[in-house]
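So you can see what is in the structure, the chains are spelled out below.
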Amino acid sequence: MRNDLFLDKNEPVPIDRVDGKAKVTGTATYSAEYKVQNMAYGVLVGSTIAKGRIRTIDIKAAEKAPGVLAVITYENAAKLPGYQAGKDPAKPQATGQPLRIFYDNEIFYYDQPIALVIADTFERVLSAARLVKAQYEKVAHETDLETNLEKAKRPTGPRFEDYKRGESDAYKSAAVKIEQQYYHPIEVHNPMEPGSIIATWESDDKLTVYTKTQGVESTQRSIGDAFKMPPENITVNAEHVGGAFGMALRTWPYEIAAVIGAKKIKRPLKLVLHREQMFTNVGHRPETIQKIGLGATADGKLVGLLHEATAETSAYEEFTEATVNISRFLYACPNVTTRYKLVHLNICTPIWMRGPGEATGSFALESAMDELAHELKLDPLDFRIRNHADSDPEKNLPWSSKFVKECYQLGADRIGWKDRKLAPRSRPEGDWLVGYGMGTGAFGAFRSAATIKAELAPDGKLILQCSVNDMGPGTATMMTTVAAKEMGLPVNKIKVEMGNTTLPPGPTQGGSTVTSSVGAAVYDTCVALKEQIAVLASKEGSPFHTAEVHVIKPEDIEFSESGISLKKDSGVKVSYADLLKQNGLASLELTKESKGSQQPYSMYSFSVHFVKLRVHPATGRIKIDHVVSCADAGTIVSQKTAESQMMGGAVGGLGMALMEDMVVDHRFGRPINNNFADYHVPVNADIPAVDVLFVNKKDPFTNPMGSKGLGEIALVGVAPAVANAVFNATGKRIRSLPITLDKLIET
Amino acid sequence: MSHQKTHEENHPDKGRRDFIKQSSLLTALALAPPALMKAADPGWEAEAPRLLEQPLNIEINGISRKLSVEPRVTLLDLLREQLALTGTKKGCDHGQCGACTVHVDGKRVLSCLSLAVMQEGKKVTTIEGVGTPDNLHPMQAAFIKHDGFQCGYCTPGQVMSGIACIREGHADSDDDIREYMSGNICRCGAYPNIVKAIAEVKKGGKSL
Ligand code: FES
Ligand code: FES
C-alpha cells in the first residue's frame, strides 16, 4: 500500500517486475532446467546414523543396476587437492573444518551424504540409490541443545567476548524487573526450488555449473578452492533462483559432489536434492535458548539489560550470528551485558536465515519489552518511546537516519492501536479473544562494492551488466528502475544481464545489501554515462556547441528516449544515433566500480510490525486478522518489489511465530518432520491482509540514492509482535516458539 | 538417456509393436521363478525397464503425442526431463507443495503424484500452454499487475491453480480463494497479492 504522507507525488508509477513475463509463463530458467546434451542424473545417499564411522559400504548391487554410470563413496572418490591441503573447500562462514564430502568414513550428522549414485535417467538413479547398503560403527550422538547446555562455549575470536556497557546485573536492582527464558526451535529455509546443480566439465580444467546460489562469484571461489583451479576456469550461472533466504549463501557439499561426479563420468551431471535433504543438508536457523533480564525505573526508564543466547552448531564448524547484538543498540539503556555461546551437536552446520540472529534475538528482547511494559502498566509503544535511542548507544555515534517513531505512528494508526486495551484479555468477541501486539526490527545498512558495465546503443537502448543475481526480491527490476529514472528512459529500453561469473563483479545477495550496492553502482554508472554524453555534446560540431557555450554539463541536459536536448531550450537537441555517429562510435560503453566509504555514523534499517489477531480459547486456534509492517529503509527505490519483499518477510515471520519447528527425535538424532506435510509453513489461508507502509525518507549517508536494506527487517520483529498480541488477547505469555494451539488451549 | 528416448510422431505403430513384445516378455517373467530367470539371462534386469515401457497417447498443450514411457515415470518428470517443458516445477515430489500443478482434462492435478502412463488419452495443459510472454493469459497478466510472486518458482503452479480455482467456482470471496489456494505453497510469501490477482480475474468475468 502506498503511503502518500511521505511519497514524492512526482515519482513515476511503480514498474512491474521486469522478469515477470518470464516467471508467469514458465520460461524463466532455474538451475536444474538448462538443456545440456548427454546429461546424467545423480542422487545422494545419506547416512542413517548421526555419529560414528562407516564400517562397510556395499555398492556392488547399485553399480550393477540398469543405467548406472558410477557410484562414488569415500573409498573410491578422487581426493580433492583442496581437501588434502586441509584447505577450506566450501568457504567457511564459520571457523572449523567444513564438511569434506567423500573424504573419509566419519559421520557427523544424520543424512550426511555417504554415496553419490549416477545413472542415465532419473528413475534409474532413484532406484539404484536404494541398493547402496552401509554398515556403521555407531557412536553416541548429541542432538539435544537443552541437555547439552553445560557444554556451551564462547565462539573463537574477540567478536564474541562478552559485551559490557556500564554495570552488569544492574537490572536486578531495578524498581521493576523481569527475568525470563525464550526458546527458538530449528527453523528451515525451505525455498520452493530445491538445491540444484548441473555440472559440466568442458575440458580437464574448465568447468561450467548452473547452480542454486546467492552469489555466483563466491561459488566460483569455493569450487576453485576445492579443486585447486583458477577461478577464471570456472563459469557459474544462476540467473534465476527459486528462493533461498540464506540457504544458498555458501557452497554446500552436494554441489562439490556433483562436480566430482561429473568429472568421474566425463559427462554433464544434474543433481537435485529431495525435499527431505533440504532439511538435513543445507543448513537451518539454529535452535537457540535465550535469557533476558530487564529492569526499569517505576516511571519506565530502562536501567539494565542482560541478553544471553546459546545456540547449536555442527560438530565440525562454529556457525555464529548476531543474536544478542540487537540488545546493545535498540534502546537507550545505561547498563547492558550480552553473552553468546555455542554447543556443538550432531547436525548439519546452520546457515543464516532471513534476519539471521536479529530475528531470534528480537523475539526475546521485544517479548521482554512487552512483559516489562505490562509490569509497568504502560502502553508498550509509550514504553518504547520513553527509551528511544536518539543516537547509537553501542557505537557512540549518531544514526545516519532513524525514523522509528514515525513507524510507530504510521503502524499504530493503520492497525487501530487505540482500540487496544492495556489489560490483557479485555476484548472478547463472541467465542474469540482479540489482541494487538507490536515488535521492532533492525538490521545493519551495509553497502559493498559492485561493478556495472553499461552500453548505450544508438536507438537509446541501455544494457546493464553485473554478475549479481536474484533469489526473488527483484534485483533486475530495481536496477532498471534506477537507470530509467536517471537516464530518462522508458523501462522497455533497458535490459539487465546478470547472474553469471562472466559479467562484471557484483556482491552476493545477502544481508540486505543489493539495492545499496548494486543500485548505487547503477546510479553512479548512469551519472558517469551522462557526463560522457555531456562531453560528446560539448564537442565542436554538436548543436549544443555554440560561439558562447563550449562546455555543457549533465545538469544542463534533458535526457530522454529519443536523445538529449537542452533544458533551457528544448529546440537544441540531438538523437543518440546522431550523437554517436558524429563521434564515430557504434555505442557508448562504460564500466564503473562503485563502493561506499567509512562514515562517522551508525547505519541501520528499522522496522516496526503490528499484529491484530484472535485466539479461540476452547481450541487454542489463532487467527491473524491483520498485519501492518512499517519500514524505515531510507528511500524506497522500487516501490512494488519493495512492498512484496516486506510482505514476504511478514509471512516468513508468521511462520516462525506460529508453526515452523523441525523436530528431532533425539533417540536417533534424526528429524521426524522433514517434509512439507509435517513441517508446516504458512499457506494462503494462514495469511490475512498485510499492509506495508514506508517512511520513505532519504538517508543522507548510506549511498547516493539514500536507500537502506529491506530484506531482513521485513522479518525481524514479526514473531514478537505475534507473541505480544497473543498475550494481549489471552493473558498468556508464550516464550517458546512456535506458538501452537496446544500452548493456548483452555480446558 | 539415448536408449530411453521417447518414441514420437514418426512411428505411429511403434507403441503397439513394443507392447506386443513386452506382453510376451511379461508373460515369461511371470511364469519363471526369479532365481532361474536370473541364472538363465543375466542381462534381463538391464533391459527390463526399457522393454516395460508403455505406449502413451497423450495431448499436451494441444499437441497429440505418441510416447513410450516407463510405468514408473511421473507426469512431472515426463514433462520436465523428457519433453523439456520445465515451466512445471518440482518443489517436493510428494504432493505437498503444489509447484507441479497442471490441468488434466481441465482439472488441476499434482503432476508429481500422477504416473504418466495413467494419462492415456487425456489432455494435459501446462503453464506453457496457458499463455506466452507475448500473449499472456489474463491470470498471468493479473499476477504481474499485482506482483503475485517474487522468485517465481511456485508461480506456474499458482497460475494453474488460480485458473482452476475460478473454474471450480471457488473464487467467490477472498476467503474462498485463500482456502482453495492453500495447496500451493509460496515460500516467498506472495499470498495476499496472489489473492488479489485471482479475485480480479474472477471479477473480470471471462470464462477461463
Ligand atoms: S512437486 Fe508436486 S506437490 Fe510438490
Ligand atoms: S514466488 Fe517464490 S515461492 Fe512463490
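Cut-offs applied
- Residues numbered from 1 in each chain as written.
- Chains lettered and ligands numbered in written order.
- Predicted model: local features only at pLDDT ≥ 70, side-chain atom pairs only at ≥ 80, totals over all residues.
- Heavy atoms only, no water.
- Contact = heavy atoms within 4.5 Å.
- Buried area = accessible area lost by both parts, 1.4 Å probe.
- Salt bridge = Lys/Arg side-chain N within 4 Å of Asp/Glu carboxyl O.
- Helix = DSSP H or I, 4+ residues; strand = E, 2+ residues; numbered from the N terminus.
- Buried < 20%, exposed > 50% of the residue type's maximum accessible area, 1.4 Å probe, protein only.
- Pairing = 2+ DSSP bridges.
- Axes fitted to C-alpha atoms, helices over the stretch in contact; angles between N-to-C directions.
- Domains from an automatic or database assignment.
- Polar contact = N/O pair within 3.5 Å; in protein donor to acceptor, adjacent residues only side chain to side chain.
- Nonpolar A, V, L, I, M, F, W, Y, C, P; charged D, E, K, R; others polar.
- Expected span 1.5 Å × (residues − 1).

1. Regarding the interface of chain A and chain B
Alright, step 1. Every contact between the two is made by 62 residues of chain A and, on the other side, 56 residues of chain B.
Alright, step 2. Summing the contributions of chain A and of chain B, the shared interface buries around 4,800 Å²; its carbon and sulfur component is 57%.
Alright, step 3. If you sort the residues of chain A by the area they bury against chain B, A:V24, A:M192 and A:N684 come out on top, with a joint share of 16%.
Alright, step 4. The interface formed by chain A and chain B holds 5 salt bridges in total.
Alright, step 5. In this structure, the salt-bridge partner of B:D147 is A:R17, at a minimum N-O distance of 2.6 Å.

2. Section: unusual backbone geometry
Alright, step 1. Omega for the peptide link from A:L737 to A:P738 comes to -5°, which places this bond in the cis form.
Alright, step 2. Checked against the element boundaries, A:P738 lands in the segment after α16 (718–730).
Alright, step 3. Located in the positive-phi region is A:F245, a residue other than glycine, with phi close to 60°.
Alright, step 4. Here A:F245 is to be found in the loop between β12 (234–237) and α6 (253–265).
Alright, step 5. With a relative accessible area of 14%, A:F245 lands in the buried category.
Alright, step 6. The backbone phi angle of B:D93 is positive, close to 65°, even though this residue is not glycine.

3. Structural notes on the sheet that holds strand β26 (residues 588–594) of chain A
Two strands in a sheet stick together by hydrogen bonds in their backbones, pointing the same way (parallel) or opposite ways (antiparallel).
Residues and elements named next belong to chain A.
Alright, step 1. The 4 strands are arranged β22-β21-β20-β26 in an open sheet whose pairing can be described as mixed. The sheet is open, and its two edges are formed by β22 (494–498) and β26, each paired on a single side. Adjacent strand axes in the sheet meet at a mean angle of 20°, parallel and antiparallel pairs treated alike.
Alright, step 2. Of the strand pairs in this sheet, strand β20 (residues 450–456) and β26 are connected by 7 bridges, and their pairing is antiparallel. Looking across to β26, one finds that K453 is bridged to T591.
Alright, step 3. The strands touched by helix α12 (residues 475–487) are β20, β21 (462–466) and β22; relative to β22, the strand with the most contacts, the crossing angle is about 140°.

4. Some thoughts on the domain arrangement of chain A
All names here are of chain A.
Alright, step 1. Each assigned domain of chain A is listed with its residue range as follows: domain 1 (34–140 + 191–244 + 248–280), domain 2 (288–446 + 600–743) and domain 3 (448–594).
Alright, step 2. The distance between the C-alpha centroids of domain 1 and domain 2 comes to 36 Å.
Alright, step 3. The contact between domain 1 and domain 2 buries some 2,000 Å² in all, and 66% of this surface belongs to carbon and sulfur atoms.
Alright, step 4. Contact with domain 2 buries surface across domain 1, with F108, Y110 and F279 losing the most and accounting together for 29% of the total.
Alright, step 5. For the pair domain 1 and domain 2, the number of links is 1 salt bridge.
Alright, step 6. The salt bridge involving E317 is made with R250; its shortest N-O contact spans 2.8 Å.
Alright, step 7. The interface formed by domain 1 and domain 2 holds 4 residue pairs in polar contact (both at pLDDT 80 or more) in total.
Alright, step 8. Sorting the residues of the side of domain 1 that touches domain 2 by element identifies β4 (95–96) and α7 (275–280) as the ones contributing at least two each.
Alright, step 9. Here the side of domain 1 that touches domain 2 gets 4 residues from one element, more than from any other, and that element is α7.
Alright, step 10. Grouping the amino acids of the side of domain 1 that touches domain 2 by side-chain chemistry returns 12 nonpolar, 5 polar and 4 charged.

5. Section: the sheet that holds strand β17 (residues 335–344) of chain A
All names here are of chain A.
Alright, step 1. Spatially, 5 strands are ordered β8-β17-β15-β14-β9 in an open sheet, and the strand pairing comes out mixed. Each of the sheet's edge strands pairs with one partner strand only, and the pair in question is β8 (163–165) and β9 (176–184). For this sheet, the mean inter-axis angle between neighbouring strands, taken without regard to orientation, is 10°.
Alright, step 2. Pairing geometry for strand β14 (residues 288–296) and strand β15 (residues 302–313), over 9 bridges, is antiparallel. Within the sheet, the bridge partner assigned to L294 lies in β15 and is L305.

6. Comments concerning the side chain of A:S314
All names here are of chain A.
Alright, step 1. Structurally, the position occupied by S314 is in the loop between β15 and β16 (317–318).
Alright, step 2. Given the relative accessible area of 0%, S314 is considered buried.
Alright, step 3. Reaching out from S314, the side chain makes a polar contact with the side chain of T349 at a distance of 2.7 Å.
Alright, step 4. Once residues within four sequence positions are removed from consideration, S314 is found in contact with H344, L345, I347, C348, T349 and P350.

7. Quick notes on α6(A)
Residue and element names in this part refer to chain A.
Alright, step 1. For α6, which comprises 13 residues, the first-to-last C-alpha distance of 18 Å matches the rise-based estimate of 18 Å (1.5 Å per residue) to within 8%.
Alright, step 2. Among the 13 residues of α6, 11 are classified as buried, and the element is accordingly described as predominantly covered.
Alright, step 3. If you check which residues of α6 are buried, you get P253, Y254, E255, I256, A257, A258, V259, I260, G261, A262 and I265.

8. Let's talk about the side chain of A:S516
Residues and elements named next belong to chain A.
Alright, step 1. Position of S516 relative to the elements: it lies in helix α13 (residues 514–538).
Alright, step 2. A distance of 3.0 Å separates a polar atom in the side chain of S516 from a polar atom in the side chain of N703.
Alright, step 3. Contacts of S516, omitting those with residues within four sequence positions, involve F446, R447, N703, S707 and K708.

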